[in-house]
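Structural description and commentary
Here are the chains, one letter per residue:
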Amino acid sequence: MSIWLTLAGMAVVTYALRASFLVLPQSVGTPPLLRRALRYVPAAVLTAIWAPELLLQDQVLYLGLENEKLLAGSVAIAVAWRWRLTSATIAAGLAALHLFHWLI
Amino acid sequence: MAFDRTTFSQGFRASLPVLLGIVPFGVITGVAMVASGIAPLAAMAMSVFVFAGASMVATAQLLSQGTPAALIILATLFINMRFMMYSASLRLHFMHLPLRWRLAIAYLQADNVYGLTLARFSEHSGDPGKLEYFLGAGIPIWLAWQAAVLAGILIGAGVPASWRLEFAAPLAFIAMTVPLLRDRAMVAAALAAAVTVVATSGLPLRLNLIVAAGAGIAVGLLFERKAR
């Protein structure tokens, strides 16, 4: 049940953002600070989502060569930096995860 | 209003190369959603009603970490805030249209559609067929996305857990984040978010996500001011 509630909330929020300035009256402008802040939203939010997956285990900082997710994630970052291809980044990251799992 | 078919098919043709990038990401999104335990029907409904890949992959990951619904919706708000930027700039081109068309444009808005149409409008600013171009690009992208997610859901349901495809979700986010890091302020924003999310991981309800997003945005703005 809660998945459908989550889904409905996500749909409403997302559509409201998409429609926002397309339905607001012509007189309303975008405040400059909001416009500047919006620029940093994707990088900040996306990083906050993937970083714990690489850096934490059971909510504790987990650095070191036994952390296969951190190693595989680093490979993915390097591939994304060099080639900027989503499919190559995911393929390399998954391959590296299995490789490091097998090695460690 | 006469429908300009020539411009529509120009938009359609412009969308074709983009589909190559959309289809794999749609498949990954479908796989990630079912790998994290979302029922196939709910996953497909999410694709149709939310129609925003990044927030769907995030939901998959957050649900598997036991995040409460309210926080997932809040995370969706943050991840999809870029659509507000898109609507602010599309408004300059579409404000003259009747409301029902603007509501349709709002639904079809996606990163690639926005990118394609804005590139076109910057070259043909006085183009009368803007709506047709937007629809010509937006409709095939929508169809390809839905077909790809459906394929991913069907594939994902049959893949053994030992393949660890759920790791595709953070990897997809890495692929989306890295190209954004074009200047120092952006890198600083991402680093601040990463440090904060880890440092505040003890907070209840995964609130560290929201705190980290705020910290990242603030640090980005501070760096921008310093650089000037």
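Calculation rules
- Residues numbered from 1 in each chain as written.
- Chains lettered and ligands numbered in written order.
- Predicted model: local features only at pLDDT ≥ 70, side-chain atom pairs only at ≥ 80, totals over all residues.
- Heavy atoms only, no water.
- Contact = heavy atoms within 4.5 Å.
- Buried area = accessible area lost by both parts, 1.4 Å probe.
- Salt bridge = Lys/Arg side-chain N within 4 Å of Asp/Glu carboxyl O.
- Polar contact = N/O pair within 3.5 Å; in protein donor to acceptor, adjacent residues only side chain to side chain.
- Nonpolar A, V, L, I, M, F, W, Y, C, P; charged D, E, K, R; others polar.
- Axes fitted to C-alpha atoms, helices over the stretch in contact; angles between N-to-C directions.
- Helix = DSSP H or I, 4+ residues; strand = E, 2+ residues; numbered from the N terminus.
- Parallel < 35°, antiparallel > 145°, perpendicular 65-115°, else oblique.
- Phe/Tyr/Trp six-rings, centres within 6.5 Å; stacked < 30°, edge-to-face > 60°.
- Buried < 20%, exposed > 50% of the residue type's maximum accessible area, 1.4 Å probe, protein only.
- Lys NZ or Arg CZ within 6 Å of the ring centre and 35° of its normal.
- pLDDT = per-residue confidence, 0-100.

**Quick look at the interface of chain B and chain A**
Taken together, the 83 residues of chain B in the interface contact 67 residues of chain A. Contact between chain B and chain A buries roughly 6,800 Å² in total, counting both sides, with carbon and sulfur atoms accounting for 75%. Interface area lost by chain B to chain A is led by Arg91, Arg164 and Phe167 of chain B, which between them contribute 11%. Counting across the interface, chain B meets chain A through 2 salt bridges. Summed over the shared surface of chain B and chain A, the number is 20 residue pairs in polar contact (both at pLDDT 80 or more). Residues belonging to the side of chain B that touches chain A are distributed by class as follows: 61 nonpolar, 14 polar and 8 charged.

**Notes on the packing of helix H5 (residues 82–94) of chain B against helix H8 (residues 130–157) of chain B**
Residue and element names in this part refer to chain B. Where H5 contacts H8, the axes come no closer than 10 Å and their chain directions differ by 135°. With respect to H8, the element H5 is oriented oblique. When H5 is examined against H8, the residues Leu90, His93 and Phe94 are found in contact with a partner set consisting of Lys130, Leu131 and Phe134. By residue class, the composition of the contact of H5 with H8 is 4 nonpolar, 1 polar and 1 charged.

**A few points about the packing of aromatic side chains**
Following the criterion strictly, the structure yields 9 aromatic pairs over all chains and no others. With a centroid separation of 4.1 Å and 10° between ring planes, the pair formed by tyrosine 86 of chain B and tyrosine 114 of chain B is classed as stacked. Placement of the pair is tyrosine 86 of chain B in helix H5 and tyrosine 114 of chain B in helix H7 (residues 111–123), with a sequence separation of 28 residues. Given the relative accessible area of 19%, tyrosine 114 of chain B is considered buried. Each ring, one from tyrosine 107 of chain B and one from tryptophan 142 of chain B, has its centre 6.4 Å from the other, and the planes form 55°; the classification is tilted. Residue tyrosine 107 of chain B is found in helix H6 (residues 99–108), and its partner tryptophan 142 of chain B is found in helix H8; the two are separated by 35 residues along the sequence. By relative accessible area, tyrosine 107 of chain B is classed as partly exposed at 24%. For tryptophan 142 of chain B, a relative accessible area of 21% translates into the label partly exposed. An aromatic cluster of at least three residues, connected via ring pairs, comprises Phe51, Tyr107 and Trp142 of chain B. Across the ring face of phenylalanine 83 of chain B, the terminal group of arginine 18 of chain A is positioned such that the distance to the ring centre comes to 4.1 Å.

**Focus: the confidence of the model for chain A**
For chain A, the average pLDDT comes to 89, and 97% of its residues sit at 70 or higher. Here helix H2 (residues 32–55) of chain A stands out as the element of chain A with the lowest mean pLDDT, 85, in contrast to helix H3 (residues 68–83) of chain A, whose mean of 96 is the highest.

**Some points on the environment of alanine 43 of chain A**
Turning to its location among the elements, alanine 43 of chain A is positioned in helix H2. Using a relative accessible area of 0% as the deciding quantity, one classes alanine 43 of chain A as buried. Once you skip the residues sitting within four places of it in the chain, alanine 43 of chain A turns out to touch Thr177, Leu180, Leu181, Met186 and Ala190 of chain B.

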